[in-house]
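Reading the structure
Below, each chain spelled out in residue letters.
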Amino acid sequence: MTRVLEHELLGRYTPLGKPLPGLNDKRLNTFFGAQGKPDGLRVHLPKALYFIYGIRNQRDAAHLGDGIDPNTQDANLVVSTLDWMMAELVRVFHTVTPDEAHAIISDLVTREVPVVEEIGGQPVCSKDLGVSDRVLVFLYRAGRDRGLELKELKRQMRHSDQSNLNKTVKRLDEKGLVLLHPSTNKAHITGMGMRDVERRKLLEPV
């Protein structure tokens, strides 16, 4: 996307294989100052790209200490923004209306369904996972420090047998993937559990 903006706004672009210049305020002003170009290209797309770079470069580091995993919400936001950016390119270069551009992009883009989506306050797991893996996914989603009470975990998972769920959580605790906190009776995913979820790609969209 940066090379497209360079080509269209500056009349030159960074060759493939060479690192792109940093996208900072000075660089943005260079794009903003392009004469005779549509605002969508000159202003809105560079700002959107700057926003995406910020999410990519700063969010994980900023959240390491607060126990909140921002990856799912950030991914949804970034994908939506990129869809809009692609639609804007289609609209500008093919001289179609925004609705027509959106329809073209909708035909091109494969919609990915998140592993866990929430409908009317009720989480729903879209993958056919075993009970242990679903426990890990829901606890990963909750965040390490927040965790979930076992009754709330049962409600979110819509699991029918509380005693069976308790046994599953205890087995995961014994493996070091989950901590069943002795003071609060909350289940928390551990760092090892988070790595296991990521290694096996349990959170990959459907």
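In what follows, the structure referred to is the one given above.
A brief structural summary. (Residues numbered from 1 in each chain as written. Predicted model: local features only at pLDDT ≥ 70, side-chain atom pairs only at ≥ 80, totals over all residues. Heavy atoms only, no water.)

Quick look at the overall build of the protein chain
What the protein chain contains, in helices and strands, is 9 helices and 5 strands. Each helix (α) and strand (β) of the protein chain, taken in turn from the N terminus, gives the series α-α-α-α-α-β-β-α-β-α-α-β-β-α. Buried positions account for 35% of the 206 residues belonging to the protein chain. Long-range contacts, defined here as pairs at least 24 residues apart, represent 49% of the contacts in the protein chain between residues at least 6 apart. (Helix = DSSP H or I, 4+ residues; strand = E, 2+ residues; numbered from the N terminus. Buried < 20%, exposed > 50% of the residue type's maximum accessible area, 1.4 Å probe, protein only. Contact = heavy atoms within 4.5 Å.)

Remarks on the packing of helix 1 (residues 2-10) against helix 2 (residues 25-32)
At a closest axis distance of 9 Å, the pairing of helix 1 and helix 2 adopts a crossing angle of 45°. Comparing their axes, helix 2 and helix 1 come out oblique. Side by side, helix 1 and helix 2 meet where Leu5, Glu6, Leu9 and Leu10 of the first sit next to Arg27, Thr30 and Phe31 of the second. Considered class by class, the residues forming the contact of helix 1 with helix 2 number 4 nonpolar, 1 polar and 2 charged. (Axes fitted to C-alpha atoms, helices over the stretch in contact; angles between N-to-C directions. Parallel < 35°, antiparallel > 145°, perpendicular 65-115°, else oblique. Nonpolar A, V, L, I, M, F, W, Y, C, P; charged D, E, K, R; others polar.)

Topic: helix 2
Among all positions in helix 2, only Arg27, Leu28 and Phe31 are buried. Seen end-on, helix 2 carries its buried residues on one side only, within an arc spanning 100°. Relative to its buried face, helix 2 has exposed residues pointing more than 90 degrees away, namely Asp25 and Lys26. (Arc of directions from axis to C-beta.)

Re the nonpolar core
Grouped together as the largest cluster of nonpolar side chains are 26 residues, with contacts concentrated most on Val135, Leu136, Leu139, Leu153, Val169, Val178 and Ile189. Elements represented by at least two residues in this core include exactly helix 6 (131-142), helix 7 (150-157), helix 8 (162-174), strand 4 (178-180), strand 5 (186-189) and helix 9 (191-199). Residue contributions to this core peak at 7 residues, all from helix 6. For Leu139, the residues in contact, after removing those within four places along its chain, are Leu148, Leu153, Val178, Ala187, His188 and Ile189. (Core = buried A, V, L, I, M, F, W, Y, C linked by side-chain atoms within 4.5 Å.)

Quick notes on the pairing of strand 1 (residues 116-119)
On a regular strand, each side chain points to the face opposite its neighbour's, so the side chains alternate between the two faces of the sheet. For strand 1 and strand 2 (residues 122-125), the ladder comprises 4 bridges, and the chain directions are antiparallel. Note on strand 2: the bridge partner recorded for Val116 is Cys125. Hairpin remark: strand 1 followed by strand 2, antiparallel, with 2 residues in the connecting loop; positive phi at Gly120, about 55°. (Pairing = 2+ DSSP bridges.)

Structural notes on the sheet that holds strand 5
Spatially, 3-5-4 is the arrangement adopted by the 3 strands of the open sheet, whose pairing is antiparallel. Each having just a single partner strand, strand 3 (148-149) and strand 4 make up the two edges of the open sheet. Where strand 3 lies against strand 5, 2 bridges are found, and the strand directions are antiparallel. By the bridge assignment, Leu148 is partnered in strand 5 with Ala187. The sheet strands contacting helix 6 are strand 3, strand 4 and strand 5, and the helix crosses strand 5 at an angle near 85°. Here helix 8 sits on the sheet and contacts strand 4 and strand 5; the angle it forms with strand 4, its principal contact strand, is near 115°.

Re the pattern of salt bridges
Scanning the entire structure with this criterion turns up 8 salt bridges. Arg141 is the salt-bridge partner of Glu118, the closest N and O atoms lying 2.7 Å from each other. Note that Glu118 is positioned in strand 1 and Arg141 in helix 6, a separation of 23 residues in sequence. The exposure class of Glu118 is partly exposed, given its relative accessible area of 49%. Among the salt bridges present, the one from Arg199 reaches Asp196, with a minimum N-O distance of 2.9 Å. Note that Arg199 and Asp196 are positioned in helix 9 at a spacing of 3 residues, about one turn of the helix. What emerges from the salt-bridge pattern is a single network uniting Asp133, Asp196, Arg199 and Arg200. (Salt bridge = Lys/Arg side-chain N within 4 Å of Asp/Glu carboxyl O.)

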